[in-house]
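Below are the chains, spelled out letter by letter.
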Amino acid sequence: MVKPTPQASLDDALKIHRQAIDAIDSALLRLLNERATHAQEIGRIKDKQPAYRPEREAQVLHRLLAENPGPLGNEAVAHLYQQVMSACRALEQRLRVAYLGPAGTFSESAVLRHFGAFVDAQPCVSLDEVVRSVEKGQNQYAVVPIENSTEGAVGRTHDLMLDTTLQICAEAKLRIQQNLISQAHSLDAIRTVYSHPQSLAQCAQWLAQHLPGVECTPVGSNAEAARLAAAAKDAAAIAGENAAALYQLNILAPHIEDMPNNTTRFWVLGKQSTNPSGHDMTSLVMSAPNKPGAVYRLLEPLVQHGVSMTRLESRPARTGLWEYFFFVDLEGHRDDPAVSAALDGLGQIAPFLKILGSYPTAVL
């Protein structure tokens, strides 16, 4: 009797697992197409209602993550199912989503992270154009940055929310990983670093330590910085991996941000309201009378009805010296009884009150 060689035993073991994977893949393909068929039927039943229902997608992800037994981590599961939902949604309608361009920016990454790959991402030259393109019906949704965990609020987005008729439909959070990218192959060759002002600020300590004396030049976007770096052998840009791939640049140093958990929060804007998902937030903007204790009084309805405030941001009102608007995030949906009662109370106190939207919080 001939004993099997170690290599033969290894090949047999691999064959067993690969055959199992092939069978599972065939079953997955059948089930994915079955899911897609149901999505098509839902589209027919909904008729002209929006294909994108952020509350339903958030509920699907929350349920799956709660059921996830591993070994796949929650982030991997969420990413896989966002792509599945994106592909199924596109069978109903392929969405056009505006973002602050050009291609290769973190805003584009936020679009693809939230909506998946099966959308038409539309770059715009300014945040104003991003918002106006949806107001005019050129795009169905907009993804706009609202705040960064390191550098704080994005003022222009806040200002635009005062006047737009669009509502916040959802939020997305993107972990910002800054990279030094260049045609060059070493730091010694770098004489100029281009990037968006916020990215330069987020990497200030790293730049001071590793590239002291090198000129840091702010530009309109990280993608524009990558374009400039691609045109000069002694230049580098601070940008994401998408920009490096788009302009075929080397990543000289990955993850150079000073704060390891640097994250940017985005709002998804559209013309529809969002139903409760069970994990929601309500955002609003209001003014306060210019007298002592006015802001304190605005908080009383929240305390009275047990509503938690997670963010308070002030912006100059531009209607008079030292007058402000206050942007507030509340836990819960505007249809929740406690939140509804608190909003009624605020409406009786605040000279100006605008509900910007109730929407599901980012799953991850």
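Figured I'd write up the structure that's included with this text. None of the values given here were measured: they were computed from a predicted structure.

1. Regarding the overall build of the protein
Helices and strands together make up the secondary structure of the protein, namely 12 helices and 15 strands. Within the protein, the fraction of its 364 residues that count as buried is 43%. Counting only contacts in the protein whose residues sit at least 6 apart along the sequence, the fraction spanning at least 24 positions is 77%. Taken as a whole, the protein presents about 18900 Å² of accessible surface, with 54% of it coming from carbon and sulfur. One finds the centroid of the 32 positive side-chain charges in the protein at a distance of 4 Å from the centroid of its 38 negative side-chain charges.

2. Topic: the pairing of strand β1 (residues 96–100)
The pairing of β1 with strand β2 (residues 120–124) spans five bridges and is classified as parallel. Residue R96 lies in a different strand from β2, and its bridge partner there is D120. On the question of chirality, the crossover connecting β1 to the parallel β2 by way of helix α4 (residues 106–115) is right-handed. Relative to strand β3 (residues 141–148), β1 runs parallel, the two being bridged by three bridges.

3. Focus: the packing of helix α11 (residues 294–304) against helix α12 (residues 337–349)
Relative orientation of the contacting elements α11 and α12 amounts to 160 degrees, with a least axis distance of 8 Å. Considering their axes alone, α11 and α12 lie roughly antiparallel with respect to each other. Considering how the two elements wind past one another, α11 and α12 form a crossing that is right-handed. Where α11 abuts α12, its residues R297, L298, P301 and L302 lie against A342, G345, L346 and I349. Split by residue class, the contact of α11 with α12 holds six nonpolar, one polar and one charged.

4. Observations concerning the sheet that holds strand β10 (residues 250–253)
Reading across from one edge, β8-β7-β9-β6-β10 is the order of the five strands in this open sheet, with mixed pairing throughout. Lying at the two open borders of the sheet, with one neighbouring strand each, are β8 (215–218) and β10. Taking the axes of each pair of neighbouring strands and ignoring which way they run, one obtains an average angle of 35 degrees across the sheet. Sheet topology note: the strand β6 (residues 179–182)/strand β9 (residues 235–239) ladder contains four bridges and is antiparallel. When the bridges of β9 are listed, N179 appears paired with A239. Of the strands in this sheet, β6, β7 (192–195) and β9 touch helix α9 (residues 222–230), which is tilted by about 160 degrees from β9.

5. A look at the side chain of H114
Turning to its location among the elements, H114 is positioned in helix α4. The residues contacting H114, other than those within four sequence positions of it, are Y52, Q82, A170, E171, A172 and V268.

6. Let's talk about unusual backbone geometry
For the peptide bond that leads from G70 to P71, omega is 10 degrees, which places it in the cis range. One can find P71 in the loop between α2 (54–67) and α3 (74–92). The backbone of D47 sits at a positive phi, close to 60 degrees, despite the residue not being glycine. Mapped onto the elements, D47 comes out in the loop between α1 (6–46) and α2. Here D47 falls in the exposed class, since its relative accessible area comes to 59%. Despite not being glycine, H255 shows a phi value in the positive range, around 55 degrees.

7. Description of the environment of D159
Relative to the elements of secondary structure, D159 occurs in helix α6 (residues 155–163). Residue classification places D159 among the buried residues on the basis of a relative accessible area of 10%. The spatial distance from the C-alpha of D159 to the C-alpha of R334 is 22 Å, given a sequence separation of 175 residues. Apart from residues no more than four positions distant in its own chain, D159 is found in contact with R315 and R318.

8. Focus: the pattern of salt bridges
Under the counting rule described, the total for this entry stands at 18 salt bridges. We note a salt bridge from D329 to R265, for which the minimum N-O separation is 2.8 Å. Here D329, found in strand β14 (residues 324–331), pairs with R265, found in strand β11 (residues 263–270); they are 64 residues apart in sequence, far enough to count as distant.

9. Section: the sheet that holds β14
Strands belonging to one sheet form pairs held by backbone hydrogen bonds; the direction of such a pair is parallel or antiparallel. Pairing within the open sheet is antiparallel, and its four strands lie in the order β13-β14-β12-β15. The outermost strands of the open sheet, each flanked by one partner alone, are β13 (309–316) and β15 (353–360). Each strand of the sheet is rotated relative to its neighbour by a mean of 15 degrees, with strand direction disregarded. In this sheet, β14 lies alongside strand β12 (residues 280–287) in antiparallel orientation, the contact comprising seven bridges. Residue S287 lies in a different strand from β14, and its bridge partner there is F325.

Here is what the cut-offs are and how they apply
- Residues numbered from 1 in each chain as written.
- Predicted model: local features only at pLDDT ≥ 70, side-chain atom pairs only at ≥ 80, totals over all residues.
- Heavy atoms only, no water.
- Helix = DSSP H or I, 4+ residues; strand = E, 2+ residues; numbered from the N terminus.
- Buried < 20%, exposed > 50% of the residue type's maximum accessible area, 1.4 Å probe, protein only.
- Contact = heavy atoms within 4.5 Å.
- Areas by Shrake-Rupley, 256 points an atom, 1.4 Å probe, with all protein chains shown as cover.
- Lys, Arg positive; Asp, Glu negative; His and termini not counted.
- Charge placed at Lys NZ, Arg CZ, Asp CG, Glu CD.
- Pairing = 2+ DSSP bridges.
- Right-handed = clockwise from strand over helix to strand, strands pointing away.
- Axes fitted to C-alpha atoms, helices over the stretch in contact; angles between N-to-C directions.
- Parallel < 35°, antiparallel > 145°, perpendicular 65-115°, else oblique.
- Left-handed = near helix turned anticlockwise from the far one by under 90°.
- Nonpolar A, V, L, I, M, F, W, Y, C, P; charged D, E, K, R; others polar.
- Salt bridge = Lys/Arg side-chain N within 4 Å of Asp/Glu carboxyl O.

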